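# Architecture and fold: a report
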2 protein chains.
Amino acid sequence: MRQVPHPTADELTLVAVMAALSDPVRIGLARVLSDGRERGWGELRAPVAKSTLSHHLKVLRDAGVTRTRQEGTRCYVVLRRADLDRRFPGLLDAVLTAADGEGVGDQVGLAGRR
Amino acid sequence: MRQVPHPTADELTLVAVMAALSDPVRIGLARVLSDGRERGWGELRAPVAKSTLSHHLKVLRDAGVTRTRQEGTRCYVVLRRADLDRRFPGLLDAVLTAADGEGVGDQVGLAGRR
DNA sequence: TATCTTGTTCGACATTCTACGAACATCGAA
DNA sequence: TTCGATGTTCGTAGAATGTCGAACAAGATA
């Protein structure tokens, strides 16, 4: 659980971002983070095992969609909206809007909300 | 080579479209078609075998990104821009713009151009 | 130090994807 | 009818993906 590396804004690739956002669970995670607030790992609720959730968060992180910060044993995740908007203008908003309309990733949410 | 089915505009799903546009060859095909003109199969140039190209065009077609029309033994492909824009506003433009900037799918082109 | 919490990593497995060449189907042309 | 051109489909192979539970590592806490 050491500090994990992230791609810089310049290293983001369209194909990686598109692939990262091609999965319902990951789209759901992006939606949960879309208000820009940082969320603790523990707040996230998804219908998958924790190892699978870890995997999905890694895919998002490696693609540069999210940034993960360590703090003790806890992790905090935040959407890299500014970086994404700079490299791929309009893409994130288009995906989030479409996902909202379609309900993609609705199974993903935050603890204490239903 | 009978008439193939296409999803209606309402049947398009975000996940399918995102997945379809997560591959460099398919992004390249979308770019080639992005001027809205219908292109003949034979015009398309991609660095893959023809069976693989057929596969990629099927993925795009099944996702509703393109429409394929038969005419004799030939096929013609066109981007379903209006349908995509209606269902997922801004998505296609964002992807095409990003792809242009990054040169994704540059290996794909039209016959007689280099 | 011993234990609990938190998240990652490690097999394992089934599924899907990309890719190829070969065989096939269909239509047009000779 | 025979041949050629055009795409699709099939069989195959290798790589990647999504998923899980179990084992592990690192801090926090008792």
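Figured I'd write up the structure that's included with this text. Remember, predicted model here, so these are calculated numbers, not experimental data. Each chain has its residues counted from 1, running along the sequence as written. Labels are handed out in written order, letters beginning with A for the chains and numbers beginning with 1 for the ligands. For this predicted model, a pLDDT threshold of at least 70 governs which residues receive local features, and a threshold of 80 or more governs which side-chain atom pairs are given and counted, while totals over whole chains, interfaces and linings are taken from all residues. Where side-chain values are given, they derive from all heavy atoms of the structure, hydrogens and water being excluded.

### A look at the side chain of B:R61
All names here are of chain B. To be explicit about the condition: The way it works is that DSSP assigns letters per residue, a run of H or I at least four long becomes a helix, a run of E at least two long becomes a strand, and they are numbered from the N terminus. Partly exposed describes any residue whose relative accessible area lies between the buried limit of under 20% and the exposed limit of over 50%, with all areas from a 1.4 Å probe on protein chains only and scaled to the type maximum. Only four residue types enter the tally: Lys and Arg on the positive side, Asp and Glu on the negative side; His and the chain ends are excluded. Whenever a carboxyl oxygen of Asp or Glu lies within 4 Å of a side-chain nitrogen of Lys or Arg, that contact is scored as a salt bridge. Contacts are assigned to residue pairs that have any heavy atoms within 4.5 Å of one another.
Positionally, R61 belongs in helix α3 (residues 50-63). Within the buried core, R61 has no salt-bridge partner, and the shortest N-O distance to an opposite charge, that of D62, equals 4.5 Å. In this structure, R61 is in contact with V4, P5, H6, P7, T66 and T68, ignoring residues within four places of it in sequence.

### A short note on the packing of helix α2 (residues 24-32) of chain B against α3(B)
All names here are of chain B. Test applied: Throughout, an axis means a line fitted to C-alpha atoms (over the contacting stretch in the case of helices), and angles, computed between N-to-C directions, take values from 0 to 180 degrees. An angle below 35 degrees is read as roughly parallel, one above 145 as roughly antiparallel, one from 65 to 115 as roughly perpendicular, and any other as oblique. What makes a crossing left-handed is the near helix being turned counterclockwise from the far one by less than a right angle; a clockwise turn instead makes it right-handed. Throughout, the ten residues Ala, Val, Leu, Ile, Met, Phe, Trp, Tyr, Cys and Pro are labelled nonpolar, Asp, Glu, Lys and Arg are labelled charged, and all others, Gly among them, are labelled polar.
Close contact between α2 and α3 brings their axes to 10 Å; oriented N to C, the two are set at 70°. The orientation of α2 with respect to α3, classified from their angle, is roughly perpendicular. Seen along the crossing, α2 lies across α3 with a hand that is right-handed. From α2, V25, R26 and L29 reach across to α3, where they touch L53, H55, H56, L57, V59 and L60. Here the residues of the contact of α2 with α3 sort into six nonpolar, two polar and one charged.

### Focus: the relation of the copies chain B and chain A
Rule in force here: When the copies are superposed, the least-squares fit draws on C-alpha atoms of residues that have pLDDT of at least 70 in both.
The transform that puts chain B on chain A rotates by 180° and translates by 0.0 Å along the axis, for an RMSD of 0.0 Å. The operation mapping one copy onto its partner corresponds to a two-fold rotation axis.

### Describing the side chain of A:D23
Along the chain, A:D23 turns up in the loop between α1 (14-20) and α2 (24-32). Despite its burial, A:D23 pairs with no opposite charge, the nearest such side chain being A:R26 at 4.5 Å.

### What to know about empty space enclosed by the protein
Residues and elements named next belong to chain B. To keep things clear, this is the line we draw: A pocket here means an open set of points on a 1 Å grid, computed over the protein atoms alone, that has protein on both sides within 12 Å along at least five of seven lines. A cavity is instead a set of points where a 1.4 Å probe fits but cannot get out; residues with an atom within 4 Å of a point line either one. Grid points are joined across faces, edges and corners, and a volume is the space filled by probe spheres set on the points.
According to the stated counting rule, one finds one cavity of 30 Å³ or more in the structure shown. Volume-wise, the largest cavity comes out at about 30 Å³. Looking at the lining of the largest cavity, the elements that each hand over two or more residues are α4 (81-87) and α5 (91-102). Among the residues forming the lining of the largest cavity, the class breakdown is six nonpolar, no polar and one charged.

### Quick notes on the interface of chain B and chain A
For clarity, the threshold we go by: Put simply, buried area is the surface a 1.4 Å probe can reach on two separate parts but cannot reach once they are joined, added for both. Polar contact criterion, stated in full: a pair of N or O atoms within 3.5 Å, where within protein one must be able to donate a hydrogen and the other to accept it, and residues adjacent in sequence count only if both atoms are side-chain atoms.
Across the contact, 21 residues belong to chain B and 21 residues belong to chain A. Buried area between chain B and chain A, summed over both chains or domains, comes out near 1,500 Å², and the portion from carbon and sulfur atoms is 75%. Its largest share of buried area at the contact with chain A, chain B owes to B:L14, B:M18 and B:E102, together 35% of the area lost on that side. Between the two partners, chain B and chain A, sit two salt bridges. Here A:E102 makes a salt bridge to B:R87, at a shortest N to O gap of 3.4 Å. Linking chain B with chain A are nine residue pairs in polar contact (both at pLDDT 80 or more). Here the side of chain B that touches chain A gets six residues from one element, more than from any other, and that element is α5(B). Split into classes, the residues belonging to the side of chain B that touches chain A amount to 16 nonpolar, three polar and two charged.

### Some remarks on the sheet that holds strand β3 (residues 66-71) of chain B
Residue and element names in this part refer to chain B. Keep this limit in mind: Following DSSP output, two strands are said to pair if at least two bridges run between them.
What the three strands build is an open sheet, ordered β1-β4-β3; its pairing is antiparallel. Across the chains shown, the open sheet's two edge strands, defined by having one partner strand only, are β1 (39-40) and β3. Strand direction decides the pairing type here: β1 and strand β4 (residues 74-79), joined by two bridges, are antiparallel. Paired with R39 across the strands is V77, a residue of β4.

### A closer look at the sheet that holds strand β1 (residues 39-40) of chain A
Residues and elements named next belong to chain A. The sheet built from three strands is open, its strands ordered β1-β4-β3 with antiparallel pairing. In this open sheet, the two edge strands, each paired with only one partner strand, are β1 and β3 (66-71). Bridge analysis of β3 against strand β4 (residues 74-79) gives six bridges, and the strand direction is antiparallel. Each bridged residue has a counterpart across the sheet, and for T68 the counterpart in β4 is V77.

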